[in-house]
Structure formats: C-alpha cells, structure tokens
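# Observations on the three-dimensional arrangement
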Amino acid sequence: MKNSSKAVLYLMHGIFIMLIILSIFLYKQRFFADSAYFFFHSINSGWFHIEHSRLLLGFSQIIPIIGYHLGLPLKHLMLSYSAGVELIYYLLFIFLVYKLKDLAAGVSLLLIHLIGQLWLFHVPSLEICHGAALAIVFYSILRSGKYKDDKWLILLLLIEWLILFSHPANLFLIPFLIAFDYLNRGWQQRIHLSIIFFFFIGVVIRLVSMGQYDQAKLQNSNGIFTSGAIDSNYWPDVFQVFVEFYPELLVFMLIILSYFIFKRALKKIALFLGSLVILIVLISAIERINQFGFYTEALISPIVFLIVFIVLHEVWKNTSATIQSLGLIFFVGIAIFRVFWILDFGKTFDQREQQLNLLVDYAQTVGHSKLLLKTDNFAKSYSLINWANPIETLLFSAIDGKEASVTIATEEDLDFQNNRKNLTDSSFIFRMFDVMPHSFLNERFFKFNTSSYYELNTADYVIDPSEIKDAVSISFYQPKEGLIFQKGDTIIHEVYILNKSGSKIPSGIEGQTFIACHWYNKDGSTYRWDGIRTLLEVDVLNSYTQDIRLAIPEKSGEYLLQADLVIEGLMWFGLQQKVLVQVK
C-alpha cells in the first residue's frame, strides 16, 4: 500500500474513533424513539429484547448487557450502549481490512455507516442498518474463499441468518449478493447451494413465525399501490429526496452506469438497475419514502448498501492503482463531509436534549413520579415528541438515582385506546401502547411512588394573579457578546422564569396565561407592545427555563427588550426587567 493510501487509511481509523467520541458526548441524544425502548428492555431484564423475529435487534444490546452483569450504574450503561455500537462497527472495519485484507469492504462499511444517517445516528438500535453492515462482511468472506474452512463456513452462514432475521427489506440482499458473486466468479456449487438453502429455510421460518406487526405491514403493502397512495407525483418526490439528502449516491450511480457501459457489462447493468428498482418498489410497498424523515431514512438503508457496494466492489476495485488512490481520497472526503452533516443536522437534537433535561429537572422537584404534560404547551419545532417520551424521561431521570425516577407522558398517551381506564395508582404508561405495573420496573434502577398522574399544566390560579405578579421575573439568556439579532427574523430564545411567590403560575391554555415581549426604542418609547405569545411549558413554581418565540424589529438599531406575562383579556403582570438588544 502506498504511503498516500496508508495516510487515508489512518484517516478512516480517525473517523471511527471520532464517531466513538461523539457517541459518548452526545449519548443522551441517541436514546430517541426505538433506541430508548430497546435499551430500556435490555437493562430492565438483563437480557436481549427481540421483537418481530428480528434477531439483529440484539446487535446494539450486546455491550450494555455485558455492562449490566458487571454491575455498572445506569449512566455507564447508557454510555456503553451509545458508544458500543460505534465500537462494534470499528471492530468490523478492522476485521475486514486487516483479517480479510479487503479494503473495499472496509470503505463500504464506513460509507454505509455514514450516508443516510442524519436521523439514524440518533437511533443506533435499528436492525435494518446493522443488516446492511453485516452484508458487507458476508460478501467479503464469500469472495475470499475462506468458507472452504468449516469454521469460516459456519461464520458465513451465521451472518446470513442474522441478515435474514434483521429487517424484511434486507431479505433481498442475499439473492443480490449471490447473483453478483455468480457474475464475477461463476457458479460455486457447494457454497452457493448452501447459501440458497439457508435463504429459503430462513424465508419460510419468517413467514411461518410472522407476528401481527409484520402481518399488518404486509396487508398495508398489498393495497398501497392500488389505493392511490402512490401516484404519478410520488416518483419525482422520491427522486427529490435523493437529490437533497443522498447526492453522493446519485454521483455513484452515474459512475457505476458509465463504467458498466464502457465495459459493456450488460448483465451487471441489468442486475444493478433491476435490483435498484425491486428494492425501491419493495420499500415503497412497506412505507412511502417520498418525504424525508426518520423512517424514510431507515428504509433507504438497503438502497445505500446496494449503490455503495457496487461502486466499491465493482468499479473502484477494478481500476488502476492511481485511480484507486484518488478514489480512496474521494470516499474518505465524503465520509468526513457526512460526519459534519450529521453534526449540523443534530442541532435539533441538541435543542431537544436540553429541553428534555430541563423538563426532567423540573419534574424531579414536584414530588411525584408520574407526570402528565400537554403537548400544546411543550411542543417546539425541535421537540420531536414521540411514543417513547415516557421511556426517555424515565431513563434521563434515573441517571440521578432510582429515587429520582420520573416518567412524563402526554395527554395523547393517556387518551390512547383504554389507557385512562386501565391506569391505577400502581401502574404507569410505559409507552402509549402499554400500561405496565410498577413491579415491571427493575428496582436496581427505577422506583415510583404509588400515586396517580400529576398534571404539569393546569388552568387556574390558586390565589389572585395580582398578588403574585411582583414576585415574578423573566430574564433572557445572554451570550458574552450580548443579544444580537437579525432584523425581520422570527426566532426562539431562552428565558429564565423566576417565581418567588410560593404559588404556581398555571400554564394550561384554558387559563390563557402567556409569555409575550415588549420592544422599546433606546430612548424608552414603545416600538412594539404586543409580541408573539408563547405558552408556559409547565406550571411554574420556583423557577423554570424554556424557549420563547421572538419577532425581531424590521429596522436595524439598538432596542430594549422586555419579557412579560399576560392573562389574555384580563391583565399584564407588568414585569420591569429590560435588556439591550442590537438588531442588524
């Protein structure tokens, strides 16, 4: 390997190490939705939690389960879960590059672990991604010929089994890899028949053991093309998703097609384009992918695998040494770009984590374990409220010790099906689909008081608001350089609400209490009195920190900004604290 290639290889090591470090610093952000759910189950029971016959869900649970049996505290288990997935990917990379001597596979692994991971970086539990990663390892062993040794054959078939029992969309990867291997090496009767035999056995078992969840998905797929859900506008929208969020895949496709045309490899063009069409249609039958989001990004993972695999294993691998060196730099450049894109996209998760931390900190002061939150009060553009919020808040709070455990559900969780009817003082909403008894919780980490749900958003003042207004203040978060805003913008900004009255300020929308701001010219004259209304996220007793919406003046200059509370149609609190603002 040339020195330049070695340097690029070291860069790849650096990227994996950077991902491990990021996963440690951003560990709370990676307990979004499915991740919180599966992690909780693994440490609550001390064993793997597998659903829908998707064995590869256990991939992300390996290291925290080891940590559980070593007696690690909850925070360390959460850190091990977040960093553990990145560590396993790094170990797979080392295995591919140094044990199997397959640099193309190593680069492929890096790229599929970064391309299409804007949302998925924050959900490291997803088996659809891990199945694509293992498909890289599967093919590397297959093409190496090591399967002639029985130990490697067993490993190869075990990896195939895990791929088959990952996500249904990954079922297609095995026949694709067999067809690709056939076009490159011809019919390898012993190994190809073994793989095909295992494939059909796996498919039969999956069909026989199909649960209600997958049956519902299958029924949905039967009607999705005939129901009008996919029309003539659907495919241009899908293409636009790829233009905006997968531009490198489109470049790779052009490279692949140009290479195959130049080589007159018609069979490989047919395999590539046919597989791409089948995958897109198959995935679209599961769920529409014409709008970018968490689930769309997950479903597109097999497509990322397909394109990255071909560009590395067919195009890059068969070019000259010079082009390979340049290509390696190109691929690593894409990987670095993707890391920064993930960080930029993750600013939403930064805000979300801060909001959840503040909410949990406040909830721990009210003296109740189970709390109810109104979505209208709490929801911001970055809140990403989902079915796993009760689990996320439970995990975040229990880091401080089991006695500090709280779980926060929304009214939507409470109103789902028969949850209100099924709840008792000794049960709780685990997620909107499940009401569980307190005894379900592992007492090593979690503990709830026996009581009903405490409402964080009520409508009525206990005493007349005129009696508490003088004990209330609202201050703006100020960076070192002061408050500097762009003219005409509408932004969110953090405020600190202090209530020394000893009586709560109600936040329920029925009570019509809002935070609003007054703008004054520097000479003290009023520029704008009525600012945008923002609901209090919770009833404020003592103090609370949250974001509010601000409409910035249309003209540049210096202004005085004052936050106030208003009870619509009744009174302003008349808070006095002002802050100097520069508008540019």
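Below is a summary of the structure that appears in this document. (Residues numbered from 1 in each chain as written. Predicted model: local features only at pLDDT ≥ 70, side-chain atom pairs only at ≥ 80, totals over all residues. Heavy atoms only, no water.)

## Observations concerning helix H12 (residues 247-263)
With 17 residues, H12 ought to run about 24 Å at 1.5 Å a step, and its terminal C-alpha atoms sit 25 Å apart, in line with that. All of the buried residues along H12 are Glu248, Leu249, Phe252, Met253, Ile256, Tyr259 and Phe260. Along H12, the residues classed as buried sweep out an arc of 145° about the axis, all on the same side. Of the exposed residues in H12, the ones pointing more than 90 degrees away from its buried face are Leu254, Ile261 and Phe262. On its buried face, H12 sits against helix H5 (103-112), helix H11 (234-245), helix H13 (266-286), helix H15 (301-315) and helix H16 (321-345). After H12 finishes, the residue Arg264 shows a positive phi value of roughly 55°. (Helix = DSSP H or I, 4+ residues; strand = E, 2+ residues; numbered from the N terminus. Expected span 1.5 Å × (residues − 1). Buried < 20%, exposed > 50% of the residue type's maximum accessible area, 1.4 Å probe, protein only. Arc of directions from axis to C-beta. Contact = heavy atoms within 4.5 Å.)

## Details of the packing of helix H2 (residues 34-45) against helix H19 (residues 389-398)
The interhelical angle for the contact between H2 and H19, taken along N-to-C directions, is 60°, at an axis separation of 9 Å. Taken together, the axes of H2 and H19 are oblique relative to one another. Note that H2 runs across H19; the crossing there is left-handed. Residue-level inspection shows Ala36, Tyr37, Phe39 and Phe40 of H2 in contact with H19, the latter providing Ile391, Glu392, Leu394 and Leu395. Per-class residue counts for the contact of H2 with H19 are seven nonpolar, no polar and one charged. (Axes fitted to C-alpha atoms, helices over the stretch in contact; angles between N-to-C directions. Parallel < 35°, antiparallel > 145°, perpendicular 65-115°, else oblique. Left-handed = near helix turned anticlockwise from the far one by under 90°. Nonpolar A, V, L, I, M, F, W, Y, C, P; charged D, E, K, R; others polar.)

## Some thoughts on the sheet that holds strand S2 (residues 407-410)
Here three strands make up an open sheet; going across it, the order is S2-S1-S5 and the pairing parallel. Two strands lie at the open edges of the sheet, namely S2 and strand S5 (454-455), each paired on one side alone. Sheet analysis places strand S1 (residues 370-373) next to S5, joined by two bridges and oriented parallel. In the strand pairing of S5, Leu371 is matched with Tyr454. (Pairing = 2+ DSSP bridges.)

## Here we look at the packing of aromatic side chains
For the structure on display, the rule yields 48 aromatic pairs. One aromatic cluster is present, formed by Tyr37, Phe38, Phe40, Tyr68, Trp387, Phe416, Phe430, Phe433, Phe440, Phe445 and Phe446 through successive ring pairs. Over the aromatic face of Trp152 sits the side chain of Lys146, whose NZ or CZ is 5.3 Å from the ring centroid. (Phe/Tyr/Trp six-rings, centres within 6.5 Å; stacked < 30°, edge-to-face > 60°. Lys NZ or Arg CZ within 6 Å of the ring centre and 35° of its normal.)

## Some words on the pairing of strand S8 (residues 490-499)
Looking at chain direction, strand S6 (residues 472-476) and S8 are connected through five bridges and run antiparallel. Bridged to Ile474 within S8 is Ile497. As defined by bridge partners, S8 adjoins strand S12 (residues 542-551) across 10 bridges and the pair is classed as antiparallel. When the sheet's bridge partners are listed, Ile491 is paired in S12 with Leu550.

## Structural notes on the packing of helix H17 (residues 347-363) against H19
Between H17 and H19, the least distance of the axes is 10 Å, while the angle of their chain directions is 70°. Taken together, the axes of H17 and H19 are roughly perpendicular relative to one another. Crossing of H17 over H19 shows right-handed handedness. Taking contact as the criterion, the partners of Arg352, Leu356, Asn357 and Val360 in H17 are, on H19, Asn389, Glu392, Thr393, Phe396 and Ser397.

## A look at the nonpolar core
Leu111 and Phe252 are the most contacted members of the largest nonpolar core, which totals 119 residues. Tyr27, Ile429, Phe445 and Met571 belong to the second-largest nonpolar core, a separate cluster that totals 73 residues. (Core = buried A, V, L, I, M, F, W, Y, C linked by side-chain atoms within 4.5 Å.)

## A few points about the environment of Leu126
Here Leu126 lies in the loop between H5 and helix H6 (127-144). In this structure the C-alpha to C-alpha distance between Leu126 and Lys402, which are 276 residues apart in sequence, comes to 28 Å. Those residues within four positions of Leu126 in sequence are excluded, and the remaining contacts are Asp34, Leu120, Phe294 and Ala298.

## Considering the pattern of salt bridges
Under the criterion given, the structure shown has 22 salt bridges. With a closest N to O distance of 3.4 Å, Asp470 and Lys469 form a salt bridge. With relative accessibility at 23%, the residue Lys469 sits in the partly exposed group. Measuring nitrogen to oxygen at the nearest pair gives 3.4 Å for the salt bridge that ties Asp530 to Arg533. What makes Asp530 partly exposed here is its relative accessible area of 46%. Connected via shared salt-bridge partners are Asp102, Arg143 and Lys317. (Salt bridge = Lys/Arg side-chain N within 4 Å of Asp/Glu carboxyl O.)

## With respect to the sheet that holds S6
Where strands meet in a sheet, backbone hydrogen bonds hold them as pairs that are either parallel or antiparallel. The three strands lie next to each other as S6-S8-S12, forming an open sheet whose pairing is antiparallel. Each of the sheet's edge strands pairs with one partner strand only, and the pair in question is S6 and S12. Between one strand axis and the next, the sheet turns through 30° on average, direction left out of account. On the sheet, H17 packs against S8 and S12 and is oriented at approximately 150° with respect to S12.

## Section: unusual backbone geometry
Positioned with a positive phi, Lys101 is a non-glycine residue whose angle comes to about 55°. With respect to the secondary-structure elements, Lys101 resides in the loop between helix H4 (74-99) and H5. The exposure class of Lys101 is exposed, given its relative accessible area of 65%. Unlike most non-glycine residues, Asn542 shows phi in positive territory, near 80°.

## Details of a nonpolar patch on the surface
A surface patch of nonpolar side chains, about 390 Å² in accessible area, is lined by Ile17, Ile21, Ile24 and Phe25. Relative to the assigned elements, Ile24 resides in helix H1 (residues 3-25). According to the relative accessible area criterion, Ile24 is partly exposed, its value standing at 38%. (Patch = residues over 30% accessible without salt bridge, like charges linked within 9 Å, V, L, I, M, F, W, Y side chains within 5 Å. Areas by Shrake-Rupley, 256 points an atom, 1.4 Å probe, with all protein chains shown as cover.)

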